[in-house]
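Read off the chains here:
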Amino acid sequence: MIWEPLKLSLLVVTVATLIIATLGLAFGLLLAKGRFHGQELLAAFFTLPLVLPPTVSGYYLIVLLGRHGLIGEPIYNLTGWSVAFTWQAAVIAAIVLALPLMVLSARAAIESVNSQFEIASYTLGKSWLATFFLITLPLARRGILAGVVLSFTRALGEFGATFMLAGNIPGKTQTMPLAIYEAVISGEDKRAQVLALILTGVSVAAVYFTSKLTKGAIKY
Amino acid sequence: MHVEIKKRLASDKSGSFTLDIAFDAGDGITILFGQSGSGKTTTLRAIAGIVTPDSGRIKIADEIYFDSVTGANLSIQRRRVGYVFQDYALFPHMTGEQNVAYGMKENGAGGASRLERARAMLAVFGIEHVRQRYPQNMSGGEQQRTALARALAADPALVLLDEPLSAVDAETRSRLIDEVVMAQKRVRIPFIYVTHNMAEAIRLGTQVVVLHEGSVKKIGQPSGVFHTLVDERQQE
């Protein structure tokens, strides 16, 4: 009974983190290097889920993706399928709520790379893309990895928006945080305790890992 | 090569000033000499394609890098400019040999790999021992030599050096000056060398271009240029 939510959480968080890392890096790069109108507006939009109550973010997700949502309804009419109350909904909620941490970390990390190195790479004949992968990314990797770990933990702990969009269906959408909530209100103290300890352990490990990264334990 | 650049520059103190210079340079070392703020580094950056002049023309051998009349403007990558930065800008996550190999073309003469050729290049500068070393574990002189080796390894059409010896001690500087001269003699391409140190300019320069507040004040051989400069100062 403990394994079900643990397995589901691992699935949701793994998928979410992979997508967050990719999207966050792309948007972080866009915000760090791009010079376009509405750039800071876009940055603010990405930051929004950090400051909004998760239930509010969840509410907007229902408005968008629910069976009668702006995007959800046409999809349901076309395919008879709705993302609401599926494990994919938990993934979407985790992505939306944790992506800001990745975007902000990636942007800061990329901006912190001395542009002299990138210019030196251009003078040595390397394209913009080659320079990004050979110079910028390796030099920014600590901050980027820290962003991945932070968004991983944020996704792991996601509760409010997940509850709203995915519901709390044991074995289907009931992730660890939801299972703890359920265990507490139904008086299963032992179960709540074990689940809470597991989540605490993972989070502590993640914070330790991040502080090692940002403190510069990696030599060069 | 021929350089002709006009560019309006915003500066923090005196509002703005205009860089407006023209000079020719041949196979040899051309010194851009002047105080900080005279436009030396901006000139290098314009030749390399890092900044775009408002108008002018930059031509190396028969290749046009920039021409405001025809709209020609070659990208940084295609200019084949070896740039030695003031703080060297060696890639901190790469070893000496990786830095030198970075700009090399894949297939070299005789089928030697890029790293093999990079080692040979380091040997030319007498610093084979830094091949496995990261830049922060190198001395100032070793970093400077690695930076020069990296610039030359990419088979450049010309080399730009931005006060490359300002961060090393006097003794090392003296030895590095000879090495720069020797390197130029080996590759026989134009070197443009920025400095505000007269002794360096005299020992290195085939010709000196004296810049003052964005314009060329004098061009000529080092001995002649500096004699008149000194005379003028004494008269003032």
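Keep in mind it's a predicted model, so treat the numbers as computed, not measured. (Residues numbered from 1 in each chain as written. Chains lettered and ligands numbered in written order. Predicted model: local features only at pLDDT ≥ 70, side-chain atom pairs only at ≥ 80, totals over all residues. Heavy atoms only, no water.)

(A) Representation of the overall build of chain A in the model. Across its full length, chain A carries 10 helices and zero strands. Counting from the amino terminus, chain A carries its helices and strands in the arrangement α-α-α-α-α-α-α-α-α-α. C-alpha extents for chain A along the principal axes are approximately 65 × 45 × 25 Å. In chain A, buried positions account for 44% of the 220 residues. Considering only intrachain contacts with a sequence separation of at least 6, the fraction spanning at least 24 residues in chain A is 69%. For chain A, the exposed area adds up to about 11,300 Å²; of that, 71% sits on carbon and sulfur atoms. (Helix = DSSP H or I, 4+ residues; strand = E, 2+ residues; numbered from the N terminus. Buried < 20%, exposed > 50% of the residue type's maximum accessible area, 1.4 Å probe, protein only. Contact = heavy atoms within 4.5 Å. Areas by Shrake-Rupley, 256 points an atom, 1.4 Å probe, with all protein chains shown as cover.)

(B) Quick look at the overall build of chain B. Secondary structure assignment for chain B yields seven helices and 11 strands. Taking 2.2 N^0.38 as the reference for a compact globule, 236 residues should give roughly 18 Å; the C-alpha atoms of chain B span a radius of gyration of 18 Å, in line with that estimate. With the C-alpha coordinates aligned to their principal axes, the bounding extent of chain B is approximately 55 × 45 × 35 Å. Buried positions account for 52% of the 236 residues belonging to chain B. For chain B, the share of sequence-separated contacts (at least 6 apart) that also reach a separation of at least 24 residues comes to 63%. Accessible surface, chain B: about 10,800 Å² in total, of which carbon and sulfur atoms supply 48%. (Rg over C-alpha atoms; globule rule 2.2 N^0.38 Å.)

(C) Molecular detail of a nonpolar patch on the surface. All names here are of chain A. Taken together, the side chains of Tyr59, Tyr60, Val63, Leu64, Leu70, Ile71, Ile75 and Trp81 define a hydrophobic patch exposed on the protein surface, amounting to about 780 Å² of accessible area. Broken down by element, the residue count for the nonpolar patch peaks at four residues, all from helix H3 (residues 54–65). Judged by relative accessible area, Tyr60 falls into the partly exposed class, the value being 46%. (Patch = residues over 30% accessible without salt bridge, like charges linked within 9 Å, V, L, I, M, F, W, Y side chains within 5 Å. Salt bridge = Lys/Arg side-chain N within 4 Å of Asp/Glu carboxyl O.)

(D) Main features of helix H2 (residues 39–51) of chain A. Residue and element names in this part refer to chain A. Helix length check: H2 (13 residues) gives 19 Å between terminal C-alpha atoms against 18 Å at 1.5 Å per residue, within 8%. Where H2 bends most, the angle comes to about 25°, and this point is Phe45, followed within four residues by the proline Pro49. Along H2, the residues that are buried comprise Gln39, Ala43, Phe46 and Pro49. Of the surrounding secondary structure, the elements contacted by the buried residues of H2 are helix H1 (3–33), H3 and helix H5 (87–111). (Expected span 1.5 Å × (residues − 1). Bend = angle between axes of the 7 residues up to and from the residue.)

(E) Summary view of the packing of aromatic side chains. All names here are of chain A. One pass over the structure, following the stated rule, counts 11 aromatic pairs over all chains. Relative to Phe46, the ring of Phe27 lies with its centre 4.5 Å away and its plane at 50°, an arrangement referred to as tilted. One end of the pair, Phe27, is in helix H1; the other, Phe46, is in helix H2, and 19 residues separate them in sequence. With a relative accessible area of 27%, Phe27 lands in the partly exposed category. Ring plane angle 75° and centroid distance 5.6 Å describe the contact between Phe159 and Phe163, whose orientation is recorded as edge-to-face. Its relative accessible area of 28% is what places Phe159 among the partly exposed residues. Among the residues examined, Phe163 registers a relative accessible area of 29% and is labelled partly exposed. (Phe/Tyr/Trp six-rings, centres within 6.5 Å; stacked < 30°, edge-to-face > 60°.)

(F) Focus on the packing of H1(A) against H5(A). Residue and element names in this part refer to chain A. Following both chains from N to C, one finds H1 and H5 inclined at 35°, their axes separated by 6 Å at the closest point. The crossing of H1 and H5 is right-handed. The class makeup of the residues in the contact of H1 with H5 is 25 nonpolar, two polar and three charged. (Axes fitted to C-alpha atoms, helices over the stretch in contact; angles between N-to-C directions. Left-handed = near helix turned anticlockwise from the far one by under 90°. Nonpolar A, V, L, I, M, F, W, Y, C, P; charged D, E, K, R; others polar.)

(G) Representation of the pairing of strand E9 (residues 191–195) of chain B within the structure. All names here are of chain B. Burial analysis of E9 places five of its five residues in the buried class, the great majority of the element. By the alternation rule, side chains of E9 split into Phe191, Tyr193 and Thr195 and Ile192 and Val194, which are all buried. The pairing of strand E3 (residues 29–33) with E9 spans five bridges and is parallel. If you follow Ile31 over to E9, its bridge partner there is Tyr193. With four bridges joining them, strand E8 (residues 158–162) and E9 adopt parallel strand pairing. Across the sheet, Leu161 pairs through a bridge with Tyr193, a residue of E9. A crossover links E8 with its parallel partner E9, the connecting element being helix H5 (residues 170–187), and its sense is right-handed. (Pairing = 2+ DSSP bridges. Right-handed = clockwise from strand over helix to strand, strands pointing away.)

(H) Summary view of the pattern of salt bridges. Residues and elements named next belong to chain B. The final tally for this structure, using the stated rule, is 15 salt bridges over all chains. Two residues, Arg145 and Glu179, come together in a salt bridge whose shortest N-O distance is 2.9 Å. With Arg145 in helix H4 (residues 140–153) and Glu179 in helix H5, this pair connects stretches of sequence that are 34 residues apart. Using a relative accessible area of 9% as the deciding quantity, one classes Arg145 as buried. The salt bridge partner of Arg175 is Glu171, with a shortest N-O separation of 4.0 Å. Separated by four residues within a single helix, Arg175 and Glu171 lie in helix H5, roughly one turn from each other.

(I) Region of the structure containing unusual backbone geometry. All names here are of chain B. Phi is positive for Ala61, which is not a glycine, with a value near 50°. Looking at where Ala61 falls in the secondary structure, it is placed in the loop between strand E4 (55–60) and strand E5 (63–67). Backbone geometry places Ala89, a non-glycine residue, at a positive phi of 50°. On the secondary structure map, Ala89 appears in the loop between strand E7 (81–84) and helix H2 (96–101).

(J) Quick peek at the interface of chain A and chain B. Contacts between chain A and chain B engage 19 residues on the former and 20 residues on the latter. When chain A packs against chain B, the two sides together hide about 1,800 Å² of surface, and 69% of this comes from carbon and sulfur. For the interface between chain A and chain B, the tally reads zero salt bridges. Taken together, the links from chain A to chain B amount to five residue pairs in polar contact (both at pLDDT 80 or more). Here the element with the most residues in the side of chain A that touches chain B is helix H6 (residues 115–123) of chain A; it accounts for seven residues. (Buried area = accessible area lost by both parts, 1.4 Å probe. Polar contact = N/O pair within 3.5 Å; in protein donor to acceptor, adjacent residues only side chain to side chain.)

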